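Coordinates in review
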Amino acid sequence: MAEKTIVKVMKFELRYIDGAGEFSEMQKHLWELQKQTREVLNKTIQMGYALECKRFAHHDKTGQWLDDKELTGSKYKAVADYINAELKEDYNIFYSDCRNSTVRKAYKKFKDAKNKIFSGEMSLPSYRSNQPIIIHNRNVIIRGNAESALVGLKVFSDGFKALHGFPAAVNFKLCVKDGTQRAIIENVISEIYKISESQLIYDNKKWFLILAYRFTQKKNDLNPDKILGVDLGVKFAVYASSIGEYGSFRIKGGEVTEFIKRLEKRKKSLQNQATVCGDGRIGHGTKTRVADVYKARDKISNFQDTINHRYSRAIVDYARKNGYGTIQLEKLDNSIEKKGDYSPVLVHWTYYDLRTKMEYKAAEYGIKVIAVEPKYTSQRCSKCGYISSENRKTQESFECIKCGYKCNADFNASQNLSVRDIDRIIDEYLGANPELT
């Protein structure tokens, strides 16, 4: 397959380190930079719109279109360069590359929406508060190793840094929380991954780097017509196989079930305690009372994120090692509760997040991920194609009442999901057999 550049992002929590004076003072200017980022974004949209109106007016009058240089009446060949130069004096806090990247982002958004704006299909785009500070890839410097990685961010102009006695870059420690983040940083430091335009944002009293990185998609000999069907369930969190093949990949579901049961029980207990807590926990009111409840909820969220990273990596690795060029799985909105007959304890397991993680991991190897409607895949016999609710004897067992085929119900579903266009095949079958619906 031809080489392809893949761009991905990962959000890292940042911790400030010594080396740039009083951070409280610097932080005030970072907040101001966030505020000015929003202003630059919105002013770019407004200036782009005004210039485009001028271009249309000139065309209506003369029948001729002005090119960008004629439109701006300046030495700049591109409108974005002209706008950046016009904003330079009023927004001199920005490192030049950062301001340029900010202007280009907004102007691209305007250009993409231009036709719909002038046809009256949409209004002029605008940016809300708390915009991330946009950082050119040259201004993100990561050094050290994955265990103690540091990042230097060049966001302030040279003149502004000299005025306030700031160092060349704002230096943070990268908080690397799991194996995926560790691998990303290791690959960035070793230059296997190249840094792309990234973002710095202040959220919930913490600073975060939304690191964008790119790499060349790995060459492979995978067959796109070889499909791995993936069924998601309770007894087996993951059951993957391919039609006609006996080899399969399974992950038992007990780990998820037991963990969430335990934490849900703990969260409910804390909620009950909060209603009758003593003065020591009342503090500043509701926020203090429910603090422990939020901690339990965060533990569930962190566990889901870790599990989804692990499961998605395992599925993609299995597909890659066995030559599958396509992964086909159920299109579940956000939770397994959509499947009706499954335990509501897993309502919080975010399957959309699992699918998203699987998609970006698969993209690295050129593996395509397809989501299909899960309706009837658990009731259809993967051997003869007969569909009946009576085929699914229990949550675990499948036995076709027509041909007598017996197997694990999740295995049978994964076999169906490995058939190309299975949703269309099922629809056609039901159309020819309306008595089954």
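You'll find the structure just up there.
A few points on the structure. (Residues numbered from 1 in each chain as written. Predicted model: local features only at pLDDT ≥ 70, side-chain atom pairs only at ≥ 80, totals over all residues. Heavy atoms only, no water.)

**Looking at the sheet that holds strand β12 (residues 324-330)**
- Across the sheet, which stays open at both edges, the 5 strands sit in the order β11-β10-β9-β12-β13 with mixed pairing between neighbours. Edge positions in the sheet fall to β11 (248-252) and β13 (368-372), since each of these pairs with one other strand and no more. The average undirected angle you get between the axes of adjacent strands in this sheet is 20°.
- Where β12 and β13 come together, 5 bridges link them in parallel fashion. By the bridge assignment for β13, glutamine 328 is matched with isoleucine 370.
- Each of β9 (223-232), β12 and β13 is contacted by helix α11 (residues 351-363), which is oriented at about 155° to β13, the strand it contacts most. (Pairing = 2+ DSSP bridges. Helix = DSSP H or I, 4+ residues; strand = E, 2+ residues; numbered from the N terminus. Axes fitted to C-alpha atoms, helices over the stretch in contact; angles between N-to-C directions. Contact = heavy atoms within 4.5 Å.)

**A closer look at the pairing of strand β1 (residues 5-16)**
- Of the pairings in the sheet, the one linking β1 to strand β8 (residues 206-216) comprises 10 bridges and is antiparallel in character. What sits directly across from glutamate 13, in β8, is phenylalanine 208.
- Relative to strand β5 (residues 170-175), β1 runs antiparallel, the two sharing 4 bridges. Each bridged residue has a counterpart across the sheet, and for arginine 15 the counterpart in β5 is lysine 173.

**Quick look at the pattern of salt bridges**
- The tally for this structure, following the rule as stated, stands at 21 salt bridges.
- A salt bridge links glutamate 13 to lysine 177; its shortest N-O distance comes to 2.9 Å. On the criterion of sequence distance, the pair formed by glutamate 13 in strand β1 and lysine 177 in the loop between β5 and α6 (179-189) is long-range, its members being 164 residues apart.
- Given a relative accessible area of 6%, glutamate 13 falls into the buried group.
- A relative accessible area of 58% means that lysine 177 is categorised as exposed.
- Between glutamate 52 and arginine 55 there is a salt bridge, and its shortest N-O distance comes to 3.0 Å. Pair noted here: glutamate 52 and arginine 55 are both in helix α1 (residues 23-62), with a separation of 3 residues, about one helical turn. The same class applies to glutamate 52 and to arginine 55, which are both buried.
- Three or more residues joined by partner-sharing salt bridges are found here, namely Glu13, Arg15, Lys177 and Lys206. (Salt bridge = Lys/Arg side-chain N within 4 Å of Asp/Glu carboxyl O. Buried < 20%, exposed > 50% of the residue type's maximum accessible area, 1.4 Å probe, protein only.)

**A word on the packing of aromatic side chains**
- Tallying each qualifying case throughout the model produces 18 aromatic pairs.
- Geometrically, the ring pair formed by tryptophan 31 and tyrosine 202 is edge-to-face, given 5.4 Å between the ring centres and 70° between the ring planes. Within this pair, whereas tryptophan 31 is found in helix α1, its partner tyrosine 202 is found in strand β7 (residues 198-203), the two being separated by 171 residues in sequence.
- Residue tryptophan 31 is classed as partly exposed on the basis of its relative accessible area, which comes to 36%. (Phe/Tyr/Trp six-rings, centres within 6.5 Å; stacked < 30°, edge-to-face > 60°.)

**What to know about the packing of α1 against helix α4 (residues 96-118)**
- Between α1 and α4, the shortest axis-to-axis distance is 9 Å and the interhelical angle comes to 45°. Of the possible angle classes, the one that applies to α1 and α4 is oblique. In this structure, the crossing between α1 and α4 has a hand that is right-handed. Contacts between α1 and α4 involve Thr37, Val40, Leu41, Thr44, Ile45, Gly48, Tyr49, Glu52, Cys53 and Phe56 on the former and, on the latter, Thr102, Val103, Ala106, Tyr107, Phe110, Lys114, Ile117 and Phe118.
- Of the residues that constitute the contact of α1 with α4, the class distribution is 12 nonpolar, 4 polar and 2 charged. (Parallel < 35°, antiparallel > 145°, perpendicular 65-115°, else oblique. Left-handed = near helix turned anticlockwise from the far one by under 90°. Nonpolar A, V, L, I, M, F, W, Y, C, P; charged D, E, K, R; others polar.)

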